[in-house]
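# Structure at a glance
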Amino acid sequence: MYVYDEYDRQILTERVAQFRSQTDRALAGELSEEEFLPLRLQNGLYVQRLAPMMRIAVPYGMLRSVQLRRLARITRDYDKGYAHFTTRQNVQLNWPAIEDVPDILAELAEVEMHANQTSGNCIRNTTTDQFAAVQSNELIDPRPYCELIRQWSTYHPEFAFLPRKFKVAVNASDSTDRAAIQVHDIGIEMVRNDAGELGYRVYVGGGLGRTPMVGPVIREFLPELDLLTYLEAVLRVYNRYGRRDNKFKARIKILVKAMTPAGFAEKVEAEWAHIKDSPTRLTREEIDRVKTFFTEPDYQSLENEPSALVSARGESKAFDNWVKRNVDSHKQPGYSIVTLTLKKTGVPPGDVSDKQLEQIADLADQYSFGEVRVTHQQNVVLADVRQDQLFELWKTIVPMDFGTANLNTLTDIICCPGGDYCALANAKSIPIAEAIQREFDDLDYLYDLGDIDLNISGCMNACGHHHVGNIGVLGVDKKGEEFYQVSLGGSSQRDAAIGKILGPSFAREEMPRVVSKIVDVYVERRTEEETFLDTYRRIGIDPFKERVYA
Amino acid sequence: MPDVIRKDGIHNDDLWTLVSAPVEGESLQLPDGPALLPVTVWNENQDAFAGRNDIGVWFDSHDEPETVAGDLNQLPLIAVNFPKFTDGRGYSIARLLRERHGYTGELRAVGDVLLDQLFYMKRCGFDSYVLRADKDINKADGCLNVFSNAYQAAVDVKEPLFRRRTA
């Protein structure tokens, strides 16, 4: 993981001091609410329904145990003792006091953390695959490239007042896409060209929100060293020509659509031609320097499927289920990737207490070289667990509520904070997630259903990524009452697609039955090997519609 | 006359007047003393103003540096207007004027210019600022120098930190 040097520390220290001064001036009335707004947003602080919320950055999802412990302490000292993992690999506090935020930032800075650009019309936290560098089907570790983007985008002087927020995601696997890059403002896919050279395929103009779109490719191959100059060209075209007259048409996807992807690409190429050889061009030395922070941990020489694991799986059905569902294969023999699910029924998806944060830190130290990864599905990954320790780990985490063996099933729901917390929401989302989890409490049935993404957003801003859920649920307001619109067929994977709306929306209490009927159609119509999405794609939306509205 | 912040301090004797584009059908009225003309007006009347050291131009946030005909370096002053401090186009305009069009004269931020944006403006090539009147000009110096370093290359520091780190 990246470790700060004196430059990084100095810049971050100065940022904290700057925000302290800004907060003081805001509280003293020298800065109007409107003037303070973008400053506090770019330091993670936004005011919500019940209290200010603070979004802390977790660059590309990586956390060290010392950072988890600090987060736990902060939730205790400044909040109500819990935090929330978001759908963009960040952490949110729900109840900090505005005047405490500079102190919180100072505490974070001590462990090389911050809330930089986690909100506001700027370049946000760069995200990537939570299985980076531990999966076998990967071209290269994407995290050093994410770190290069992080540094380039941090306090970028030209792009702090963009027309709208801007999100970048990176993927380096040619068979999966856990970072949902095609629904980001910029999606970067690491590829090799025919000559075997490393580079990037660049997607621009994807996104969710009010106008969901799968981003088109605007450059098939960008050479490795040209990453930052090309990003700068894309951002400059967007900063200059993105719409500023209408907040709802200000994202880059609208510009790309208006100019056409080819027209937009041409504009970017023309801009890039001027700056591609500028000093911003990456150097081999810098890439190598950053890569030194992402070396392999000290793996032991072990074998896959050790007898301890095999016999434990034979003895315990529950453990075996958990291994099947929540444990993924690792590139290193004898190791596995473990996902701790934060999706226990009755707990808002992604919520963790201070104690749980400390437990996760302890687990990381004991089982996974002191590091964890946060996923955009609001779970936490221990990336390097010895297979001969899986049984012990499982027995430890079950009482901590991290062992729900439902990863990627219908009840592993992605869910925004919704109307319980968020001022933007039209409807509550957490109670819907809970009602669906209660309806589907039979694990064997869930396993039989296989992988199904169910995503819930409380409004069209789509923090719960409902458009790309195989089943998507969107809270809508109808004359002051909360209703829920269902869409089917979305995907955030390599075959990214925006879901299609099933039909008129439903009342809250109808939702578990609606989901049941949708699932019934799948079970009746599927062929042996088909996932929910496969069946949907084969038979279309009509059979689902007929059943649900019958 | 507004105070102007420059590298060497605060000046209260600046005589430049920002001239708006004439309403259609009316002719351009020049003030007494030096005048900043809309870049569109300057483009159309360049020959008339050639060689004058009391004529500069200003860009609004939608004006494009690419449209400028002729040599910008004959201008003693260029201003870029920030109609709202949240309108970030002026940062790109400044960088383009400096880095692409080679402008070396005084580059001034005008309009909704507040304290907390000064550092970014400086990085993008501004070297003179008219702070909005209700802001405390004595705090400008601190805000202009709020960071001692930065990751990116820009106008003020030509090389990104990664090229200087290893040096």
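Being a predicted model, the structure only gives us computed values, none of them experimental. In every chain, residue numbers begin from 1 and rise along the written sequence. Here every chain gets a letter starting at A, and every ligand a number starting at 1, in the order they are written. Selection of residues for local features in this predicted model requires a pLDDT of at least 70, selection of side-chain atom pairs for listing and counting requires 80 or more, and totals for whole chains, interfaces and linings are taken over all residues. As a rule here, side-chain values come from all non-hydrogen atoms in the structure, and water together with hydrogens is ignored.

A separate point is the overall build of chain A. Numbering of helices and strands runs from the N terminus, with a helix taken as a DSSP run of H or I at least four residues long and a strand as a DSSP run of E at least two residues long. Helix and strand counts for chain A come out as 18 helices and 21 strands. Throughout, the radius of gyration refers to the C-alpha atoms, and the reference size of a globule is 2.2 Å times the residue count to the power 0.38. Against the compact-globule benchmark of 24 Å for 550 residues, chain A has a radius of gyration of 23 Å, which places it among compact chains. Once the C-alpha set of chain A is aligned to its principal axes, its extents read approximately 60 × 60 × 55 Å. Exposed residues in this analysis have more than 50% of their type's maximum accessible area, buried residues have under 20%, and partly exposed residues fall in between, with area computed by a 1.4 Å probe over protein chains only. When the 550 residues of chain A are sorted by exposure, 64% land in the buried category. The long-range share in chain A, meaning contacts at least 24 apart out of those at least 6 apart in sequence, stands at 68%. Every residue pair with non-hydrogen atoms within 4.5 Å of one another is taken to be in contact.

Right, let's get into the environment of Val521(A). Residue and element names in this part refer to chain A. Mapping Val 521 onto the fold places it in helix 16 (residues 511–525). Considered as a pair, Val 521 and Val 548 are 27 residues apart in the sequence and their alpha carbons are 9.3 Å apart. When residues no more than four places from it in sequence are discounted, the contact partners of Val 521 are Ile 539, Pro 543, Phe 544 and Arg 547.

Aromatic ring pairs are described here by two measures, namely the spacing of the ring centres and the angle between the planes. Working definition: a ring pair exists when centres of Phe, Tyr or Trp rings (six-membered ring for Trp) sit within 6.5 Å. Plane angles under 30 degrees give stacked, over 60 give edge-to-face, the rest tilted. Following the criterion strictly, the structure yields 27 aromatic pairs over all chains and no others. The interplanar angle of 55° and the centroid separation of 6.4 Å between the aromatic rings of Trp152(A) and Phe159(A) together place this pair among those described as tilted. Look at Trp152(A) and you get buried, because its relative accessible area is 5%. The class of Phe159(A) is buried, set by a relative accessible area of 2%. Taking the centre distance of 5.4 Å and the plane angle of 55° together, the rings of Phe319(A) and Trp394(A) count as tilted. Of this pair, Phe319(A) sits in helix 11 (residues 317–326) while Trp394(A) sits in helix 13 (residues 390–397), and the two are 75 residues apart along the sequence. An aromatic cluster of three or more residues is present, and its members are Phe161(A), Phe82(B), Phe85(B), Tyr91(B) and Phe126(B). Charges are assigned to positions over rings by a cutoff of 6 Å between ring centre and Lys NZ or Arg CZ, combined with an angular limit of 35 degrees from the ring normal. One cation-aromatic arrangement involves Lys478(A) over Phe483(A); the distance from NZ or CZ to the ring centre is 4.7 Å.

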